[in-house]
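Each chain, letter by letter, is given below.
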Amino acid sequence: MNKSDSERIASVLENNGFQKASKMNEANLIVVNMCSVRQSAVDRVYGKIQNAKIKNQNEKSKCKIILTGCILKKDRERLFQQVNLILDIKDLQNWPEKLGIKNQELGIKNYFEIEPKYSSFPAAYVPISTGCNNFCAYCVVPYTRGPLIHRPAEDIIKEVKELIKKGYREIWLLGQNVNSYGIQRETDAKQNAKQTQNINFSKLLRMVNDIPGDFWIRFTSSHPKDFSDELIKTMAECKKVTPYLNLPVQSGNDKILRKMNRNYTVQKYKNLVKKIRKKIPDIALSTDIIVGFPGEIKKQFENTAKLLREIKFDMAYIAQYSLRPGTTAIKMKDNVPQKEKKKREQILTEILKKTALEKNKKYIGKTVKILPVGWEKGFLFGKSFHYKTIKAKGLKTMLGQFIKVKIIDATPWGLLGKQIV
Ligand code: SAM
Ligand code: SF4
C-alpha cells in the first residue's frame, strides 16, 4: 500500500513541476512516507528525518521535509517540530494547493482519481480500497488509515484496462482486507455515494479476469474470516488469477486469536486451507505470524509452531509483537521478554525453512512460466506464476515478458532455472 501511495505522491508532484532527484542531498523537497505497523519502521523514519536535517544544515539551499503516510498521534506530535509539514495521504489531491505549487487544474476529487506514476513495470499496484474496519487488537491500520472505503469497480476496471494496453503483465489488487470488498456497512455508503454497487471481491476478480490480454492477477491482503467459498471457486476458475495466496493466520492458538480479535479459530483456518487446497491443489500459500503477543505462554506459541508444521506454508512473514500506541493491545501487559520473542521467531523460521524447501523441491525438473523483472551477469530475476522467487540463466531481451524456464535447483527462499528457448 505504501508503494502505491508513493506512486501517487510522485505523480502529484511531477504534474506540478517537480522532478525526481537522483540523490537525497540534491533534493529541495523530501517526502517521507511513513509506516507505523511496527516500531522498527517508525524508528527508521526518525533516523531518516534526522539525516535529512543534518544534510540541510550543511547545504546552502535548504530543502523542505514533508511527512505523510500512516502516522500515530504520538509521533505526529513529536515529529511536528522536525519537519516542515505533515500532510494527510488521504488528502493528496489537495497537496499542490497546500504546498503552494499548484500549476495544473486536474479536477481530481479524491485519492483514487490520481493517476499514479507506476514504478514497478511490468507489475502495477492497483488499490481497490483504503482503510480497515477490523480493529485487530495489535494493529494501527484502522487508526492511521481510517475506515474501509471501497473504490468503485468501474474505476478499477478502467485503470487495469489502461495498464494492460501499456504492456503491464502483473496486476496487484491491493487492500487491507480485499475479500471484504463490496461488503459494506452503512457508514461506508454514506462516505462514498458511488459505492452503492453490488459487486463483491469475487465478482471484481471475474471482471478483471475478463479483460482481454496476457497478464497475471494477484491480490493482497486476505482476511480468513471473509474468505468465502465463492472466492475459492472464482480463484480456481479464473485462469489469470495466480495460484498464490497470502492468508495471515497470526497465531495457532484460539485464546490468542480471540485476544487479537481475529474472529476465527484455528480449526476454522485449517478447514479453510483444506477447502482451498481441494479446489486449487497447486496453490502456494503464505501467511503472517506474530510471536510474543501479550500473554502468549510457551504452550500457546507451541500451538503456532505445530500449525506451521501441519500446514506446511510456502512462505511466512514472521514478526515479533511490537507495542503500538492507541491499539487495544497496548492495554495488555507486554510480558514476553524481547529475547524470548526473538527465540520464538527463530524457531518458526527453522520450521518454515524446512516446509518451504520441501515445497520448492517439487518444482525441480518442471517447466514454469516466469515474469523477469531484473537481469544481472547472465541471470534473469523474477517471480513465477506461483509467486516463487526465480533466478534463471537467460537473455536480457526477455525482461518484462513471460518466459518458460526449467527448474534445476531449489532453496527454501527460491528456485534456480534455465531459460527454455
Ligand atoms: N490486513 C492484513 C491481515 O488481516 O492480516 C495485514 C496487514 S498488517 C499491516 C501486515 C502484518 O503486519 C500483519 O499481518 C501482522 O502480522 C503484522 N503486524 C501488524 N501489527 C503488528 C504489531 N503490532 N506487531 C507485530 N506485527 C504486526
Ligand atoms: Fe490490521 Fe489487517 Fe487486522 Fe485490518 S485486518 S486491523 S489491517 S491486521
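Here, the structure is the one placed above.
As the structure is a computational prediction, the values presented were derived from the model and not from experiment.

Asker: So what's going on with the packing of aromatic side chains? Which residues, and what values?
Answerer: Tallied over the full model, the rule gives 13 aromatic pairs. On the basis of an interplanar angle of 75° and a centroid distance of 4.8 Å, the ring pair of F121 and Y168 is categorised as edge-to-face. Residue F121 is found in the loop between α4 (95–99) and β4 (123–127), and its partner Y168 is found in the loop between α6 (153–165) and β7 (170–174); the two are separated by 47 residues along the sequence. Residue F121 is classed as partly exposed on the basis of its relative accessible area, which comes to 46%. Residue class for Y168 comes out buried when judged on its relative accessible area of 9%.

Asker: Explain the site of ligand 1 to me, using residue names and the numbers behind them.
Answerer: Among the 17 residues in the neighbourhood of ligand 1, the closest are listed as Y138, Q176, Q250, D288 and S322. In the environment of ligand 1, a nitrogen atom lies 2.7 Å from a nitrogen or oxygen atom belonging to the backbone of Q176. Within the side chain of D288, one N or O atom sits 2.6 Å away from an oxygen atom of ligand 1. With the chains in place, 90% of the 560 Å² that ligand 1 exposes on its own is no longer accessible. Within the residue set of the shell around ligand 1, elements represented by two or more residues are β10 (284–291) and β11 (315–320). Class assignment for the residues of the shell around ligand 1 results in seven nonpolar, six polar and four charged.

Asker: Mind laying out the site of ligand 2, listing which residues take part and the relevant values?
Answerer: Contacts to ligand 2 come from C132, N134, F135, C136, Y138, C139, V141, P142, Q176, H223 and R262. Of the residues in the shell around ligand 2, the class split is seven nonpolar, three polar and one charged.

Asker: Describe the sheet that holds strand β16 (residues 414–419), and please don't skip the residues or the numbers.
Answerer: Strand order in the closed barrel formed by five strands is β12-β13-β14-β16-β15, and the pairing between neighbours is mixed. Ignoring strand direction, the axes of neighbouring strands in this sheet form an average angle of 50°. On the sheet, helix α13 (residues 338–361) packs against β15 (403–411) and β16 and is oriented at approximately 140° with respect to β15.

Asker: Can you tell me about the nonpolar core, naming the residues and giving the values?
Answerer: Of all hydrophobic cores here, the largest spans 69 residues; its most connected members are I171, L173 and F201. At six residues, the largest contribution of residues to this core is made by α6. Counting 16 residues, the second-largest nonpolar core is a separate cluster that includes I30, M34, V42 and I86.

Rules behind the numbers
Residues numbered from 1 in each chain as written. Chains lettered and ligands numbered in written order. Predicted model: local features only at pLDDT ≥ 70, side-chain atom pairs only at ≥ 80, totals over all residues. Heavy atoms only, no water. Phe/Tyr/Trp six-rings, centres within 6.5 Å; stacked < 30°, edge-to-face > 60°. Helix = DSSP H or I, 4+ residues; strand = E, 2+ residues; numbered from the N terminus. Buried < 20%, exposed > 50% of the residue type's maximum accessible area, 1.4 Å probe, protein only. Near = heavy atom within 4 Å. Polar contact = N/O pair within 3.5 Å; in protein donor to acceptor, adjacent residues only side chain to side chain. Areas by Shrake-Rupley, 256 points an atom, 1.4 Å probe, with all protein chains shown as cover. Nonpolar A, V, L, I, M, F, W, Y, C, P; charged D, E, K, R; others polar. Pairing = 2+ DSSP bridges. Axes fitted to C-alpha atoms, helices over the stretch in contact; angles between N-to-C directions. Contact = heavy atoms within 4.5 Å. Core = buried A, V, L, I, M, F, W, Y, C linked by side-chain atoms within 4.5 Å.

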